[in-house]
Amino acid sequence: MLFLGTGSAEPSKYRGASGVLATLPRSGGNAVAPLSDEKGGFVDSFEKSAAPRVSRDERRERYLLLDAGEGCLGAMTRLLGDAATDAVVRRLAAVWISHAHADHALGLRALVAARGKHAAAGRSGGGDCGGLLPPLAIVGPRSIERWLARSQPATEPGFERGRAWTFVDARTLEAGG
């Protein structure tokens, strides 16, 4: 788990809005290794050395973002570097928004737009996302869906609902099912 921010009414360089990046287990229940640097070591969020290299195994990793407060994409870039952030955005399986407060959801637009740019690059043959990306699953309160649908013009490249993102109302999910 990587804490991008732990909550703040006013984000600063020392404390950001809510966001936690989790590496999902592979099928079979074994957790995957976190992003690593060129020497195979764990990425040290305070070390600004060479950007992490994305290995073949890491391309199969999937990630879950728990809340997407304002600046979560920037925090990811500061902590992981550009290459690893791009890999995470491409391999993001879902974003879970806990509740409809700005400090938990304002970073969602930038994240969807970044994901859309990677998907567009894959459709045009550019980039390294390995073809088409599935729509980003966003789970949360229904008001988040309405806000996201209205907050960005559908004409913006990579932001189209159904192609760039889908929504699941959290109230429709059942425990243990």
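Small disclaimer: the values here were computed from a predicted structure and weren't measured.

Calculation notes
Residues numbered from 1 in each chain as written. Predicted model: local features only at pLDDT ≥ 70, side-chain atom pairs only at ≥ 80, totals over all residues. Heavy atoms only, no water. Helix = DSSP H or I, 4+ residues; strand = E, 2+ residues; numbered from the N terminus. Buried < 20%, exposed > 50% of the residue type's maximum accessible area, 1.4 Å probe, protein only. Areas by Shrake-Rupley, 256 points an atom, 1.4 Å probe, with all protein chains shown as cover. Pairing = 2+ DSSP bridges. Axes fitted to C-alpha atoms, helices over the stretch in contact; angles between N-to-C directions. Core = buried A, V, L, I, M, F, W, Y, C linked by side-chain atoms within 4.5 Å. Contact = heavy atoms within 4.5 Å. Parallel < 35°, antiparallel > 145°, perpendicular 65-115°, else oblique. Left-handed = near helix turned anticlockwise from the far one by under 90°. Nonpolar A, V, L, I, M, F, W, Y, C, P; charged D, E, K, R; others polar. pLDDT = per-residue confidence, 0-100. Salt bridge = Lys/Arg side-chain N within 4 Å of Asp/Glu carboxyl O.

Moving on: the overall build of the protein chain. Looking only at helices and strands, one finds 5 helices and 6 strands in the protein chain. Taking all 177 residues of the protein chain together, the buried fraction comes to 39%. Carbon and sulfur atoms form 54% of the exposed surface of the protein chain, whose accessible area is close to 9900 Å².

The next thing to look at is the sheet that holds strand β4 (residues 92-96). Strand order in the open sheet formed by 6 strands is β1-β2-β3-β4-β5-β6, and the pairing between neighbours is mixed. With partners counted over all chains shown, the strands left at the sheet margins are β1 (2-5) and β6 (165-169), one partner each. When strand polarity is set aside, the average angle formed by the axes of neighbouring strands in this sheet is 20°.

Core analysis: the biggest nonpolar cluster contains 29 residues, and Leu-21, Leu-65, Val-95, Leu-108 and Ile-138 have the highest contact counts within it. In terms of residue count, helix α1 (residues 72-80) provides more of this core than any other element does, 6 residues in total. If near-sequence neighbours (up to four positions away) are discounted, Leu-21 is found in contact with Met-1, Leu-2, Leu-4, Tyr-63, Leu-64, Leu-65, Met-76, Leu-80, Val-88 and Leu-92.

Glancing now at the packing of α1 against helix α2 (residues 82-90). Two elements in contact, α1 and α2, have axes separated by 7 Å at closest approach and are oriented at 130°. With respect to α2, the axis of α1 lies oblique. When you trace α1 past α2, the crossing you get is right-handed. Note on element contacts: α2 touches α1 through Asp-82, Ala-84, Thr-85, Val-88 and Val-89, opposite Leu-73, Met-76, Thr-77 and Leu-80. Considered class by class, the residues forming the contact of α1 with α2 number 6 nonpolar, 2 polar and 1 charged.

Attention now goes to unusual backbone geometry. One non-glycine residue, Asp-67, adopts positive backbone phi at about 70°. If you trace the backbone, Asp-67 turns up in the loop between β3 (63-66) and α1.

Looking now at the confidence of the model for the protein chain. Here the protein chain averages 74 in pLDDT, while 64% of its residues score no lower than 70. When the elements of the protein chain are averaged for pLDDT, helix α4 (residues 108-123) gives the smallest value, 79, and β3 the largest, 95.

Enumeration according to the criterion identifies 3 salt bridges in this entry. Between Arg-142 and Glu-145 there is a salt bridge, and its shortest N-O distance comes to 2.3 Å. Linking Arg-142 with Glu-145, this pair stays in helix α5 (residues 142-151), spanning 3 residues, or about one helical turn. For Arg-142, a relative accessible area of 30% gives the class partly exposed. Using a relative accessible area of 9% as the deciding quantity, one classes Glu-145 as buried. Two residues, Asp-169 and Arg-171, come together in a salt bridge whose shortest N-O distance is 3.4 Å. If you follow the salt bridges from partner to partner, you end up with Arg-142, Glu-145, Asp-169 and Arg-171 in one network.

Moving on, we get to the environment of Pro-134. Within the secondary structure layout, Pro-134 lies in the loop between α4 and β5 (136-140). Its relative accessible area of 42% is what places Pro-134 among the partly exposed residues. Sequence-wise, Pro-134 and Arg-115 are 19 residues apart; in three dimensions their C-alpha atoms are separated by 9.9 Å.

Turning our eyes to something else, we now look at the environment of Trp-96. Mapped onto the elements of the fold, Trp-96 is located in strand β4. In sequence terms Trp-96 and Val-168 are 72 residues apart; their C-alpha atoms lie 9.5 Å from each other. Here Trp-96 is in contact with Leu-64, Leu-65, Leu-66, Asp-67, Val-139, Ala-170 and Leu-173, once residues within four sequence places are set aside.

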